[in-house]
Amino acid sequence: MNRLLEWVCGTLSGVALFCIMALTFFDVGGRKLVSTSIPGSLELTELLMVVVIFAALPLVSLRGEHVVFNSMDSYLAPDLQRLQRGVVHVLSALLLIGLAYLMWQTAGEFAQSGETTAQLKFTKAPFIYGMSVLCALTGCVHLGQLAKPTVQEPVEAAAL
Amino acid sequence: MTQALLGFAAIFLLASLRVPLAFAMGIVGLIGMGIMRGWHAAFASTAQVVHETGFAYTLSVIPLFILMGNFVAKAGLAHELFRAAYVFIGHLRGGLAHATIVACAGFGAICGSSIATAATMSKVAYPSMKKLGYSDSLSTAVIAAGGTLGIMIPPSTILVIYGIVTETNIGKLFAAGVIPGLLTALLLMLAVVVMTSADPEHAPPGDKSSWPERWAALRGIWGVLLLVIVVLGGIYGGVFTATEGAGIGASGAFLFAMARRALGWKSLLEVLVESARTTAMLFTLLIAATIFANFVNFTSMPGDLKEWITHLGLSPVMVVAAMMVIYVVLGTVMEELTMVLLTLPLFFPIVTSLGFDPVWFGVLIVMVIQIGLISPPVGMNLFVLNALLPKVGLGRIFKGVWPFVVVQIVMLAILVAFPMLSLWLPSFMR
């Protein structure tokens with residue numbers, strides 16, 4: 001199940017990121033060299049950004065890559081650590097599922113108003129529904145971690 | 001004031017319970033806003049922040065610079081950089097340590113991450129230093145300290161984040177980081193000179209290279225130079241915006257990696273997904289920090305703090321110096337990105353109201369992060385080196401890094417005292 005999630009979300013976010021890179025390259029290159037830009041490239045980048053961020057979010061939770069303070073760990077007994085992490089996963093899941101509900105409602109409002117992107121006229125609502133579904137999926141990932149008997153150590157992402 | 005203080009206390013409580021910091025900031029910001037403005041407004045503003053941050057074109061600069069750094073690391077350009085630095089200065093006492101710092105500065109010019117710079121250099125420089133008999137504490141400390149140059153010398157992920165959060169021009173921030181980055185590199189090298197004078201047998205000189213060898217090594221770094229000139233020159237010269245420059249840089253680094261056969265389909269997808277994960281992690285923090293900042297801005301805390309500082313009668317520079325002391329102390333025990341995202345809503349309005357340039361403050365913020373990254377007991381670069389070189393041991397890494405921490409604190413003081421070091425280059429930009 002985890003491998004399927006890694007494959008689907010990884011491919012989705014990775015391909016979207018590659019597309020942003022290629023789109024920027026050809027758009028800027030076209031504009032600077034032959035004075036021709038890709039129509040709607042800015043909007044496409046915006047939509048692809050949603051895919052990059054929200055499709056990768058379940059993977060961040062799955063791998064425990066969120067920034068956490070772990071300085072207290074050495075003072076807690078292993079049993080207490082497991083209990084603590086269970087509580088944290090439930091809290092994280094509740095927050096993310098709540099956020100998914102909020103975004104679902106927002107998507108409904110966008111669907112009703114029929115708001116589109118300015119140039120290419122893509123309907124925005126499906127992307128916001130996508131945000132909602134992926135937030136809910138990330139919440140489920142946290143609930144799934146409850147069943148894990150081992151304590152997961154965070155992996156530092158190279159953000160700094 | 002009380003509401004905001006309660007908010008900060010709640011974040012620290014949740015964070016110490018190991019709730020991811022992004023979630024802690026998001027929960028506290030949402031609840032705080034709900035209590036102060038009503039739940040309907042709190043939910044509406046949260047949904048708006050999530051939606052607007054997700055759909056922001058300008059924020060694509062973040063994944064693109066991360067991607068550029070990851071492609072560059074994969075392409076193995078660090079080996080050429082280290083080789084080029086070594087053939088020129090490797091024969092000096094402590095020459096490999098000097099070469100590591102120069103190579104880190106060069107790598108920092110194409111990679112915006114301190115951790116990635118330190119991790120990459122540990123694979124390139126440590127084996128050479130070990131072979132020549134350098135002490136473990138000096139070798140690891142110099143890599144950890146040199147790695148921090150990755151975030152000062154542009155491009156820099158943290159300068160991009162600072163620019164986005166404070167709405168400061170990213171191109172100017174990048175230009176501002178150049179001189180402080182190079183000066184920091186020089187000071188780190190000075191520290192190596194002092195350390196190796198006291199303990200010369202632990203840092204023997206390498207072989208002297210001939211001029212043909214030196215020219216050959218320089219030819220090996222043409223790719224790095226080209227990327228630096230196109231991306232940073234383009235942004236600095238006003239040819240590209242930072243976002244466009246990031247896209248060109250990522251594409252250029254991708255083409256280099258492909259040309260050097262460093263990327264297959266599998267490793268390409270790995271690099272893309274790794275970059276996307278880092279992006280998602282950072283955006284979660286950015287969204288949560290915005291929700292929390294919205295709450296703090298609704299409390300009376302920013303105004304009260306300004307009033308309190310005016311009442312104290314301190315000179316403006318002393319106020320900034322006091323902030324820096326707080327940051328250096330916090331940086332020894334806190335994760336640096338969180339420290340900055342949590343404190344910016346409070347400190348930034350004070351700094352601008354005192355009449356200081358946000359670009360200068362951005363450079364100071366990067367400097368305190370650099371210090372935090374190598375300050376024991378909680379220094380991310382030290383942990384990364386410990387993870388990559390477990391045989392060395394954290395104790396020896398801690399022991400070796402102190403002179404570099406001191407040097408960086410001196411550099412911070414210089415930057416506070418002489419704002420022109422940061423603001424001279426940006427002054428030429430339109």
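Quantities reported herein were computed from a predicted structural model and do not represent experimental measurements. (Residues numbered from 1 in each chain as written. Chains lettered and ligands numbered in written order. Predicted model: local features only at pLDDT ≥ 70, side-chain atom pairs only at ≥ 80, totals over all residues. Heavy atoms only, no water.)

## Quick word on the overall build of chain A
Secondary structure assignment for chain A yields 4 helices and 0 strands. N-terminal to C-terminal, the α/β element order of chain A is α-α-α-α. Here the C-alpha radius of gyration of chain A, 19 Å, is well above what a compact globule of 160 residues would show, namely 15 Å. Expressed as a percentage of the 160 residues in chain A, the buried residues total 46%. (Helix = DSSP H or I, 4+ residues; strand = E, 2+ residues; numbered from the N terminus. Rg over C-alpha atoms; globule rule 2.2 N^0.38 Å. Buried < 20%, exposed > 50% of the residue type's maximum accessible area, 1.4 Å probe, protein only.)

## A short note on the overall build of chain B
Per the secondary structure count, chain B includes 22 helices and 0 strands. Compactness check: chain B gives a C-alpha radius of gyration of 22 Å against a globular reference of 22 Å for 430 residues, within 12% of the reference. With the C-alpha coordinates of chain B rotated into their principal frame, the extents come out at 70 × 50 × 45 Å. Taking all 430 residues of chain B together, 63% fall into the buried category. Contacts in chain B between residues far apart in sequence, at least 24 positions, make up 79% of those at least 6 positions apart. (Contact = heavy atoms within 4.5 Å.)

## Structural notes on the nonpolar core
Phe71, Met324, Phe361 and Phe404 of chain B are the most contacted members of the largest nonpolar core, which totals 198 residues. Ranked by the residues each element gives to this core, the list is headed by helix H15 (residues 265–298) of chain B, at 17 residues. One finds Leu5, Cys9, Leu59 and Val141 of chain A within the second-largest nonpolar core, a separate group that totals 6 residues. (Core = buried A, V, L, I, M, F, W, Y, C linked by side-chain atoms within 4.5 Å.)

## What to know about the interface of chain B and chain A
Each partner contributes residues to the interface: chain B has 65 residues there, and chain A has 61 residues. Summing both partners gives a buried area of about 5,600 Å² for chain B against chain A, and 79% of it is carried by carbon and sulfur. On the chain B side of the interface with chain A, the three residues burying the most area are Arg18, Phe55 and Arg277 of chain B, jointly 17% of the side's total. Arg277 of chain B is the salt-bridge partner of Glu65 of chain A, the closest N and O atoms lying 2.7 Å from each other. Linking chain B with chain A are 5 residue pairs in polar contact (both at pLDDT 80 or more), by the criterion used here. A total of 14 residues in the side of chain B that touches chain A trace back to one element, the largest contributor, which is H15 of chain B. (Buried area = accessible area lost by both parts, 1.4 Å probe. Salt bridge = Lys/Arg side-chain N within 4 Å of Asp/Glu carboxyl O. Polar contact = N/O pair within 3.5 Å; in protein donor to acceptor, adjacent residues only side chain to side chain.)

## Notes on the packing of helix H2 (residues 41–62) of chain A against helix H4 (residues 125–145) of chain A
Residues and elements named next belong to chain A. Two elements in contact, H2 and H4, have axes separated by 8 Å at closest approach and are oriented at 5°. When the interaxial angle is binned, H2 and H4 end up roughly parallel. Contacts from Leu47, Val50, Val51, Phe54, Ala55, Leu57, Pro58, Ser61 and Leu62 of H2 reach H4 at Phe127, Met131, Leu134, Cys135, Leu137, Thr138, Val141, His142 and Gln145. A class-by-class count of the residues in the contact of H2 with H4 yields 14 nonpolar, 4 polar and no charged. (Axes fitted to C-alpha atoms, helices over the stretch in contact; angles between N-to-C directions. Parallel < 35°, antiparallel > 145°, perpendicular 65-115°, else oblique. Nonpolar A, V, L, I, M, F, W, Y, C, P; charged D, E, K, R; others polar.)

## Section: a nonpolar patch on the surface
All names here are of chain A. A grouping of Val90, Leu94, Ile97, Leu143 and Leu146 is seen on the molecular surface, where their side chains present a nonpolar patch of about 410 Å² in accessible area. The dominant element in the nonpolar patch, judged by the number of residues it contributes, is helix H3 (residues 78–113), at 3 residues. Mapped onto the secondary structure, Leu146 falls in the segment after H4. Residue Leu146 is classed as partly exposed on the basis of its relative accessible area of 38%. (Patch = residues over 30% accessible without salt bridge, like charges linked within 9 Å, V, L, I, M, F, W, Y side chains within 5 Å. Areas by Shrake-Rupley, 256 points an atom, 1.4 Å probe, with all protein chains shown as cover.)

## Examining the packing of aromatic side chains
Overall, the coordinates contain 15 aromatic pairs over all chains when judged by the stated rule. Ring geometry for Phe65 of chain B against Phe174 of chain B: centres 5.5 Å apart, planes inclined by 65°, an arrangement best described as edge-to-face. Remark: Phe174 of chain B occurs in helix H11 (residues 170–198) and Phe65 of chain B occurs in helix H4 (residues 61–75); sequence separation between them is 109 residues. The exposure class assigned to Phe65 of chain B is buried, which follows from its relative accessible area of 4%. Through a chain of ring-to-ring contacts, three or more aromatic side chains come together here, namely Phe18 of chain A together with Phe71 and Phe254 of chain B. Residue placement shows Lys124 of chain A over the ring face of Phe55 of chain B; its charged tip is 5.0 Å from the ring centre. Sitting over the ring of Trp211 of chain B, Arg214 of chain B keeps its end group 4.7 Å from the ring centre. (Phe/Tyr/Trp six-rings, centres within 6.5 Å; stacked < 30°, edge-to-face > 60°. Lys NZ or Arg CZ within 6 Å of the ring centre and 35° of its normal.)

## Section: the packing of helix H17 (residues 316–333) of chain B against helix H18 (residues 336–353) of chain B
Helix-helix packing is characterised by the crossing angle of the two axes and by the distance between the axes. Residue and element names in this part refer to chain B. Running from N to C, H17 and H18 cross one another at 170°; their axes reach a closest spacing of 11 Å. One way to sum up the angle between H17 and H18 is to call them roughly antiparallel. As H17 packs across H18, the resulting crossing turns out to be right-handed. Mapping the contact onto sequence places Val319, Met323, Ile326, Tyr327, Leu330 and Gly331 in H17 and Glu336, Met339, Thr343, Leu344, Phe347, Ile350 and Val351 in H18. Of the residues in the contact of H17 with H18, the class split is 10 nonpolar, 2 polar and 1 charged. (Left-handed = near helix turned anticlockwise from the far one by under 90°.)

## Thoughts on the pattern of salt bridges
Counted according to the given criterion, the structure contains 9 salt bridges over all chains. One salt bridge connects Glu244 of chain B with Arg31 of chain A, and the closest N-O pair in it is separated by 2.9 Å. Of the two residues, Glu244 of chain B is situated in helix H14 (residues 242–259) and Arg31 of chain A in helix H1 (residues 2–33); the pairing between them involves two chains. You can call Glu244 of chain B buried: its relative accessible area is 7%. Two residues, Asp79 of chain A and Arg82 of chain A, come together in a salt bridge whose shortest N-O distance is 3.3 Å. Here Asp79 of chain A pairs with Arg82 of chain A, and both are found in helix H3, just 3 residues apart, close to one helical turn. A relative accessible area of 58% means that Asp79 of chain A is categorised as exposed.

## Re the environment of Pro419 of chain B
For Pro419 of chain B, the position within the fold is in the loop between helix H21 (394–417) and helix H22 (420–423). Between the C-alpha atom of Pro419 of chain B and that of Trp360 of chain B, which follows or precedes it by 59 residues, the distance is 6.4 Å.

## Examining H4 of chain A
Think of an α-helix as turning once every 3.6 residues; residues three or four places apart then point the same way. Across its 21 residues, H4 of chain A extends 30 Å between first and last C-alpha, which sits within 8% of the 30 Å expected from 1.5 Å per residue. Listed as buried for H4 of chain A are Ala125, Ile128, Met131, Ser132, Leu134, Cys135, Thr138, Gly139, Val141, His142 and Gln145 of chain A. Among the structural elements, H1, H2 and H3 of chain A together with helix H2 (21–37) and helix H3 (39–54) of chain B are those in contact with the buried residues of H4 of chain A. (Expected span 1.5 Å × (residues − 1).)

## Some points on the state of the cysteines
Inspection of every chain in the model, using the stated rule, returns 0 disulfides over all chains. Just so you know, Cys135 of chain A is unpaired, no disulfide at all, and the nearest cysteine sulfur is the one on Cys140 of chain A, 11 Å from it. Look at Cys135 of chain A and you get buried, because its relative accessible area is 0%. Here Cys111 of chain B is not cross-linked by a disulfide; its sulfur's nearest cysteine counterpart is in Cys104 of chain B, at 10 Å. (Disulfide = S-S within 2.5 Å.)

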